[in-house]
Amino acid sequence: MSTERKRKVSLFDVVDEAAVSTKLARVNGSFTVGAAAPLLPVTINRWTGRTYSQRYFEILDKRKTLPVWQQKDEFLQVLRDNQTLILVGETGSGKTTQISCDLDDLLAEIRVLTAYFVIEQIPQFVLEADFLGKRPMVACTQPRRVAAMSVSRRVAEEMDVTIGEEVGYSIRFEDCSSAKTILKYLTDGMLLREAMADPLLERYKVIILDEAHERTLATDVLFGLLKEVLRNRPDLKLVVMSATLEAEKFQGYFNGAPLMKVPGRLHPVEIFYTQDPERDYLEAAIRTVVQIHMCETPGDILVFLTGEEEIEDACRKITKEINNLGDQVGPIKAVPLYSTLPPAMQQKIFEPAPAPLKEGGLPGRKIVVSTNIAETSLTIDGIVYVIDPGFSKQKVYNPRIRVESLLVSPISKASAHQRSGRAGRTQPGKCFRLYTEKSFNNDLQPQTYPEILRSNLANTVLTLKKLGIDDLVHFDFMDPPAPETLMRALEVLNYLGALDDDGNLTKLGEIMSEFPLDPQMSKMLVVSAEFNCSNEILSISAMLSELQFLNYFLMKQCWSRLYASADLLWASSVITILSIVPNCFVRPRDAQKAADEAKARFGHIDGDHLTLLNVYHAYKQNNEDPSWCFDNFINQRALKAADNVRQQLVRIMARFNLKLCSTDFNSRDYYVNIRKALLAGYFMQVAHLERTGHYLTVKDNQVVHLHPSNCLDHKPEWVIYNEYVLTSRNFIRTVTDIRGEWLIDIAPHYYDLINFPSCEAKRVLERLYSKREKDKQDTKNKK
DNA sequence: GAGCACTGC
């Protein structure tokens, strides 16, 4: 029904648009009369029909000084003569964001840059193309939400239009566009969503994929999809924007499309390497900071390290060492930066360097010590020196045993390049690489290993099926995933009932594909009404999915060789292996005991899923009060985000007429029904307690341990788990007590005993099955 | 009894 209403609105808007264009024609008509007209400056905005503001001309003058402006005519000509065009250069250098989970905060804090860059200009050039018709609609994708928002706002300003009207953006939770919109910035995942409803993307005349070199999962899927669409739509044009490193690969993939180089970065950066390899990169980084501070001209320093503890440690050591130098040097301020840092602390990176201690004294310097959050997601102006030890923490996924872990690994050349670029934002800079030039050339991988090759593809396969791609094996991936990964995904979807035995999308699968969740979770949600607890499952899903933003999906950096030898690496004690902890519960260093006690108050003896439900309920009962969150060591941002997700899920449930219901809270079945519903989605993630006292995952037979963060007060015979992580041991995290009988009731096709490796769990299930048979016989006999 | 790279729908 909501689609129906939407259609009516857009019909209305088409009428409205026609009215606008007649008005426009009239305005332009009166304007172009007379031979002298072309010499006059254009004063009427052709998109709005309004007179341009003074500010428009001020910005225009600056835009005209940009190097890319020189290439406008050439660009338009190449675009006219070709269906696909690849632009290479330093993309993505014109965005600035501040860290925050809250979109409102972000909007208030986005700072306007004084420099203008390629991705703001190219779409505007496209709109000026006369060969695309009167009001061609242009889409421009970005891998990150904030980029889509901030760039579109900037462009709306440059075009002298209101954001959300002619220029807009569309991201999850927020569609700021209208029927008037001719240029829409959106996340790559969002364009993929649009393609699910409109497979030929017919509303667009031009699609621009920015930051294509980042190779996000969504971008990779769009590549293959758009290649198909371009064949079916000769009128559609595609512009791919990428960094230079793999330009030829892109060209080869897009059938020899023309390459055009565009200038990007404003200032040169001088690169320095060490003569010999460094044994201790942390020590070397601190030493380099001190040297820069003593010997180099003023300018802030950015140091890349791998994790919170290392960063805090480095900040302390830097401050100590510089203080030891006394009056010989100016004052410094060492500022840590990582994603879990409270926002108030994060703000510190934008504070100016400290002033000289006395008038005419040595200048101060700001030293930002950061994870690779500062590599792509966040830009800090004023950085002149970058220190790059060459490592970052990267997530590794092994599809064979479905285990993920985080490990400190060497970065890629592309990543090193990106890091050094951070030095040249405001003036010429210097980058100190704490490895040898030989090592850079020979040891670092050229590119970020694409996400699609190291991800669980169950969700992607479901999306592709929904997009009408039946033959996954012959789908034109730029880097085809391993056949086993695809097979594994198909198998999981078949067990969940999303695909039938021929691999075709079922009705259930179609509904599941509409949820922005992984398939197990959407299955659980879709069937939860059958267990009379969809309200509660909604809350749990929202909480889990909010946590999964942090710990389940996608992994980013380069690591192909690591991947190939991952098993060996896991065995290696040299490499630091860390896990990712969900952040719904806050545990400050100075109040760990109080935080644990607060958490225990929410604990549910049957498991962590139910504990999450308790937290959500308590949050709502306390009117989402931030001070209540603070007092109870609850991360308010996480809860707010979960609530946001929940609302979106409710809307999708309504679209498919899925009932919202709850079991009576006083009923004995209230929690039983919830636990059963969990199993309906996650029946493939069950572990059994062996007589030895260890848990074994069912079917995979991996020895696992309950993560100590769990809140069970006993060791249940059967548990369902949300994730399996490898840190110091094999852990299953977020676990809930379930009953063996439910396995054979709810997922008999998975627990069929025929393709089941022999183990204790199998023998227990066999007993349960025969007991079930016997019970059936008994009841029959009684009758 | 563990220890927090980064994003997307």
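Worth saying up front: this structure is predicted, and the values here are computed from it rather than measured.

*Asks:* Can you walk me through the packing of helix H3 (residues 72–81) against helix H5 (residues 118–128) in this structure?
*Replies:* Helices that pack against each other are described as a pair by the angle of their axes relative to one another and the distance between those axes. Relative to each other, H3 and H5 sit at 65 degrees, their axes nearing to 10 Å. Of the two elements, H3 crosses H5, and the hand of that crossing is right-handed. Between H3 and H5, the contacting residues are Lys72, Phe75, Leu76 and Leu79 on the first element and Ile122, Phe125, Val126 and Glu128 on the second. Each residue belonging to the contact of H3 with H5 can be placed in one class, and the counts come to six nonpolar, no polar and two charged.

*Asks:* Teacher, can you tell me more about the sheet that holds strand E8 (residues 259–261) here?
*Replies:* An order of E4-E3-E5-E2-E6-E7-E1-E8 is seen for the eight strands of this open sheet, with the pairing classed as mixed. The outermost strands of the open sheet, each flanked by one partner alone, are strand E4 (174–176) and E8. Direction aside, the axes of adjacent strands within the sheet are offset by 20 degrees on average. Alignment of strand E1 (residues 84–88) against strand E7 (residues 237–242), held across five bridges, turns out to be parallel. Bridge pairing in E7 links Ile86 to Val240.

*Asks:* Is there a simple way to think about the pairing of strand E2 (residues 138–142) in this case?
*Replies:* As a general feature of sheets, a regular strand has side chains that alternate between the two faces. Across the five residues that make up E2, a large majority, five, are buried. Going residue by residue along E2, you find Val138, Cys140 and Gln142 tucked away on one face and Ala139 and Thr141 tucked away on the opposite face as well. As paired strands, E2 and strand E5 (residues 183–187) are joined by five bridges and run parallel to one another. Each residue of the ladder has a partner; that of Val138, found in E5, is Leu183. Strand direction decides the pairing type here: E2 and strand E6 (residues 206–209), joined by four bridges, are parallel. Note that in E6 the partner of Thr141 across the bridge is Leu209.

*Asks:* Would you explain the pairing of strand E22 (residues 730–738) in this entry?
*Replies:* Where burial is concerned, most of E22 is hidden: eight out of the nine residues are buried. Two elements, strand E20 (residues 703–706) and E22, share two bridges in a ladder whose sense is parallel. Its bridge partner being in E22, His705 is matched across the sheet by Phe731. Direction of pairing for strand E21 (residues 718–726) relative to E22: antiparallel, over a ladder of eight bridges. The partner of Trp718 across the bridge, within E22, is Ile738. The turn linking E21 back onto E22 is made up of three residues.

*Asks:* Which parts of the structure should I look at to understand the side chain of Arg233?
*Replies:* The topology assignment puts Arg233 in the loop between helix H8 (217–232) and E7. When its relative accessible area of 6% is taken as the criterion, Arg233 is described as buried. Engagement of the side chain of Arg233 in a polar contact is seen with the backbone oxygen of Tyr204, the distance being 2.6 Å. Setting aside chain neighbours within four positions, we find Arg233 in contact with Gln83, Leu200, Leu201, Glu202, Tyr204 and Lys205.

*Asks:* Could you clarify how one ought to interpret unusual backbone geometry in this entry?
*Replies:* Leaving glycine aside, a negative phi is the common case for residues, and trans is the common case for peptide bonds. A positive phi angle, near 75 degrees, is found at Lys699, a position not held by glycine. Tracing the chain through its elements places Lys699 in the loop between strand E19 (695–697) and E20. Residue Lys699 is classed as buried on the basis of its relative accessible area of 16%. The phi dihedral of Leu753 is positive, around 70 degrees, even though this residue is not glycine. Assessed through its relative accessible area of 17%, Leu753 is described here as buried.

*Asks:* Can you walk me through the packing of aromatic side chains in this structure?
*Replies:* For any pair of aromatic rings, geometry is given as the distance between the ring centres together with the angle between the planes. Under the defined criterion, the tally for this structure stands at 23 aromatic pairs. Relative to Phe254, the ring of Tyr253 lies with its centre 4.9 Å away and its plane at 80 degrees, an arrangement referred to as edge-to-face. The pair Tyr253 / Phe254 is uniform in exposure class, with both members buried. Geometrically, the ring pair formed by Tyr273 and Phe440 is tilted, given 5.8 Å between the ring centres and 50 degrees between the ring planes. Highlighted residues: Tyr273 in strand E9 (residues 269–273) and Phe440 in helix H15 (residues 437–443), separated in sequence by 167 residues. On the accessibility criterion, Tyr273 (24% relative accessible area) is partly exposed. A network of ring pairs unites the aromatic residues Tyr495, Phe683, Tyr750, Tyr751 and Phe756 as a single cluster. Directly above the ring of Tyr253 sits Lys227, whose terminal nitrogen or CZ lies 4.0 Å from the centroid. Above the ring of Phe440, the side-chain terminus of Lys413 is found at 5.7 Å from the ring centroid.

Conventions we followed
Residues numbered from 1 in each chain as written. Chains lettered and ligands numbered in written order. Predicted model: local features only at pLDDT ≥ 70, side-chain atom pairs only at ≥ 80, totals over all residues. Heavy atoms only, no water. Axes fitted to C-alpha atoms, helices over the stretch in contact; angles between N-to-C directions. Helix = DSSP H or I, 4+ residues; strand = E, 2+ residues; numbered from the N terminus. Left-handed = near helix turned anticlockwise from the far one by under 90°. Contact = heavy atoms within 4.5 Å. Nonpolar A, V, L, I, M, F, W, Y, C, P; charged D, E, K, R; others polar. Pairing = 2+ DSSP bridges. Buried < 20%, exposed > 50% of the residue type's maximum accessible area, 1.4 Å probe, protein only. Polar contact = N/O pair within 3.5 Å; in protein donor to acceptor, adjacent residues only side chain to side chain. Phe/Tyr/Trp six-rings, centres within 6.5 Å; stacked < 30°, edge-to-face > 60°. Lys NZ or Arg CZ within 6 Å of the ring centre and 35° of its normal.

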